[in-house]
Amino acid sequence: TVPKVELASLFFDRYHVIYNIHIAEFFLNQAILFDSQDSTPPAYAYYQLARISFIQGNLNTALKQLDTEAFHYPDHSKVFYIRGLTLGYLGRDTEAVESFREYVRQNGSSWAGRNDLAWLLFKQGKFKEALAVIQPAYEKNPDNPWVLNTYGTLLMNTGDLFTAHDILVQGYNASLLITEEGWGLAYPGNNPAVYRQGLEGMRSSFLKNMQLVEEKLRAKGTPLY
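Below: a short report on this structure. Not measured: the values here are computed from a predicted model.

1. Quick notes on the environment of Phe122
Right, on to step 1. Looking at the element boundaries, Phe122 is found in helix α7 (residues 111-123).
Right, on to step 2. In this structure Phe122 comes out as partly exposed when scored by relative accessible area, which is 21%.
Right, on to step 3. The sequence separation of Phe122 and Arg196 amounts to 74 residues, and the corresponding C-alpha distance is 26 Å.
Right, on to step 4. With near-sequence residues (within four places) excluded, Phe122 lies in contact with Phe127, Ala130, Thr153, Leu154 and Asn157.

2. Overview of the packing of helix α10 (residues 161-176) against helix α12 (residues 195-219)
Right, on to step 1. It is the contact of α10 with α12, at a shortest axis distance of 9 Å, that shows an interaxial angle of 160°. Taken as axis vectors, α10 and α12 run roughly antiparallel relative to one another. As for how α10 packs across α12, the hand of that crossing is left-handed. Contact with α10, carried on its side by Leu161, Phe162, Ala164, His165, Leu168, Val169, Gly171, Tyr172, Ser175 and Leu176, involves Leu199, Met202, Arg203, Phe206, Leu207, Asn209, Met210, Val213, Glu214, Lys216 and Leu217 of α12 and no other residues of that element.
Right, on to step 2. Taken together, the residues of the contact of α10 with α12 break down into 14 nonpolar, four polar and three charged.

3. Quick look at the nonpolar core
Right, on to step 1. In this structure, Leu117, Ile134, Tyr151, Trp183 and Val213 are the most contacted members of the largest nonpolar core, which totals 46 residues.
Right, on to step 2. Apart from the residues lying within four places of it in its own chain, the contact partners of Trp183 are Trp146, Ile178, Asn190, Val194, Tyr195, Gly198, Leu199 and Met202.
Right, on to step 3. Ile21, Ala24, Ala31 and Ile32 belong to the second largest nonpolar core, which has 14 residues in total.

4. What about the pattern of salt bridges?
Right, on to step 1. Under the counting rule described, the total for this entry stands at eight salt bridges.
Right, on to step 2. Of the charged contacts, one joins Asp67 and Arg83 as a salt bridge, the two residues approaching to 2.7 Å between their closest N and O atoms. One end of the pair, Asp67, is in helix α4 (residues 59-72); the other, Arg83, is in helix α5 (residues 78-89), with 16 residues separating them in the sequence.
Right, on to step 3. The class for Asp67 is partly exposed, based on a relative accessible area of 44%.
Right, on to step 4. A residue is classified by how much of its surface remains accessible, and Arg83, at 16% relative accessible area, is buried.
Right, on to step 5. One salt bridge in this structure joins Glu129 and Arg101, with 2.3 Å as the shortest N-O distance. In this pair, Glu129 sits in helix α8 (residues 127-140) while Arg101 sits in helix α6 (residues 93-106), placing the two residues 28 residues apart along the sequence.
Right, on to step 6. A residue is classified by how much of its surface remains accessible, and Glu129, at 34% relative accessible area, is partly exposed.

So, how was this worked out
Residues numbered from 1 in each chain as written. Predicted model: local features only at pLDDT ≥ 70, side-chain atom pairs only at ≥ 80, totals over all residues. Heavy atoms only, no water. Helix = DSSP H or I, 4+ residues; strand = E, 2+ residues; numbered from the N terminus. Buried < 20%, exposed > 50% of the residue type's maximum accessible area, 1.4 Å probe, protein only. Contact = heavy atoms within 4.5 Å. Axes fitted to C-alpha atoms, helices over the stretch in contact; angles between N-to-C directions. Parallel < 35°, antiparallel > 145°, perpendicular 65-115°, else oblique. Left-handed = near helix turned anticlockwise from the far one by under 90°. Nonpolar A, V, L, I, M, F, W, Y, C, P; charged D, E, K, R; others polar. Core = buried A, V, L, I, M, F, W, Y, C linked by side-chain atoms within 4.5 Å. Salt bridge = Lys/Arg side-chain N within 4 Å of Asp/Glu carboxyl O.

Next comes the structure, spelled out in structure tokens:
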């Protein structure tokens, strides 16, 4: 028989058959109820529940579920990523940064971890520190529009306007090559119904940032054109 945690993924995760987080939540709770061994829940059961809670906006519940996962499985580094997101949405940016730092420490090649950490540092006005975080992600993923948007925005805010514009144009062009399904792969727990809106939002963000760079250059007397 298929383990119940894996069954839940069929209704929730990246390669879901049918997207239904309520069915996924049911199977995860069933897994905890029936498949726990000596009070130890199945691996990733509480982690997946936390992801569902996060999507539903139940952020404090998500934190408690992540704490449970980490207690039983301290080597599950993905916990630090979701905890960072959750803390960030709660406005607890300092704690969120600490969680993402730990995730990046254990998963240094993860562009997503570096991207989210860089955005949090950006929110705190730590532009140079954020650039140092995103630079390795850019070097390894030079065609990744998420990374390019972050990198270009940070370059803009540190005054490197011409390079910022080049990066943002590159990122916008890369975003034009992404399908709605491709956008959704970066957000494996999200409802497919939001894929189009998310992709359009990404492209709009590039255009707004490009326009902002152009305005800054004109204000300095060094227009692009």
